[in-house]
Amino acid sequence: GQMHRYPDASCYELIKKLSLKWSVPPEYLALGNGSNEIIDVLIRTFCEPGDKILTSEAAFICYPLCAQAARIGVTKVALRQDYTMDMKKMAEKVSSEHRIVFIPNPNNPTGTYVNKNDIEDFLRKFGDSDDLLICFDEAYTEFVRAGDYEPALNYAKKYKNVAVVRTMSKIYGLAALRVGIMLAHPDITKYFHKVRNPFNVNSLAQVAA
Ligand SMILES: *Cc1c(COP(=O)(O)O)cnc(C)c1O
């Protein structure tokens, strides 16, 4: 009965619930029309023509698609023989042109993950760097059972240049309603909110989520 009204642009109730669930201030959270929109907005917020994003071969398709649409270059690092992301090679490839590194963990479509050691080595080199955003895309994180897998929520609380992107599409089966979540330092979410569309998460989605 309320569908003639615009949605709550700040997603107040949902952000409040998520902030309790993950023990972070609400300023650490932002929502998207699916995590696809979050990826798109991050690229348009933090890259400008001449900049590039860094990811691997066979990484989630949205990164190169959104980058291309924004006239942003893409560096793709070769996978290891077992189809896992080669974080050492990724680290070697980081240059002053790169604004965002996308690490899908686990990755779709390969179904592989990056282990905790590889992540922490990478963060020791680039954590808190001023001009490189490290984005962990964790759409399938809830399905992982491996003992050496570490979700990146705590890294996003610790490093000001780490963003974690989650989705309600997979584990909660809400793909049609489009709800993506980002947890990142307020310096990141602040600029994200300036660029996103005001009513990007619809009312039914907010209630369902
Ligand atoms: C499904 C998926 C997404 C996109 O999810 P939505 O929230 O539905 O947009 C993003 N990244 C990965 C790795 C995915 O598998």
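Parameters at a glance
Residues numbered from 1 in each chain as written. Predicted model: local features only at pLDDT ≥ 70, side-chain atom pairs only at ≥ 80, totals over all residues. Heavy atoms only, no water. Buried < 20%, exposed > 50% of the residue type's maximum accessible area, 1.4 Å probe, protein only. Helix = DSSP H or I, 4+ residues; strand = E, 2+ residues; numbered from the N terminus. Pairing = 2+ DSSP bridges. Near = heavy atom within 4 Å. Polar contact = N/O pair within 3.5 Å; in protein donor to acceptor, adjacent residues only side chain to side chain. Nonpolar A, V, L, I, M, F, W, Y, C, P; charged D, E, K, R; others polar. Contact = heavy atoms within 4.5 Å. Right-handed = clockwise from strand over helix to strand, strands pointing away. Patch = residues over 30% accessible without salt bridge, like charges linked within 9 Å, V, L, I, M, F, W, Y side chains within 5 Å. Areas by Shrake-Rupley, 256 points an atom, 1.4 Å probe, with all protein chains shown as cover. Salt bridge = Lys/Arg side-chain N within 4 Å of Asp/Glu carboxyl O.

> I would appreciate a short explanation of the pairing of strand 1 (residues 29-32) in the present structure.
Where a strand is regular, its side chains alternate between the two sheet faces. Of the two faces of strand 1, the one holding Leu29 and Leu31 and the one holding Ala30 and Gly32 are both buried throughout. The pairing of strand 1 with strand 7 (residues 180-184) spans four bridges and is classified as antiparallel. Across the sheet, the residue bridging to Ala30 is Met182, located in strand 7.

> Is there a simple way to think about the site of the ligand in this case?
All residues adjacent to the ligand are Gly34, Ser35, Asn36, Phe60, Asn108, Asp137, Ala139, Tyr140, Thr167, Ser169, Lys170 and Arg178. Within the backbone of Asn36, one N or O atom sits 3.0 Å away from an oxygen atom of the ligand. Separating an oxygen atom of the ligand from a side-chain N or O atom of Ser169 is a distance of 2.6 Å. For the shell around the ligand, the leading source of residues is helix 2 (residues 34-46), giving three residues. Tallied by class, residues from the shell around the ligand come to three nonpolar, six polar and three charged.

> Explain the side chain of Thr112 to me, please; I cannot follow it from the model alone.
Turning to its location among the elements, Thr112 is positioned in the loop between strand 4 (98-104) and helix 5 (116-126). For Thr112, a relative accessible area of 15% puts it in the buried group. A polar contact of 3.1 Å, which involves the side chain of Thr112, links it to the backbone oxygen of Tyr83. Excluding residues within four positions of it along the chain, Thr112 makes contact with Asp82, Tyr83, Thr84, Pro106 and Asn107.

> What am I meant to see in the pairing of strand 3 (residues 73-77) here?
Both strand 2 (residues 52-56) and strand 3 contribute to a ladder of five bridges, which runs parallel. Along strand 3, the bridge assignment pairs Thr55 with Lys76. In the classification by handedness, the crossover that spans strand 2, the intervening helix 3 (residues 62-69) and the parallel strand 3 is right-handed.

> What is the right way to read a nonpolar patch on the surface from this model?
A contiguous nonpolar patch, built from Phe143, Ile171 and Tyr172 and spanning about 290 Å² of accessible area, is present on the exposed surface. Relative to the assigned elements, Phe143 resides in the loop between strand 5 (133-137) and helix 6 (153-158). By relative accessible area, Phe143 is classed as partly exposed at 42%.

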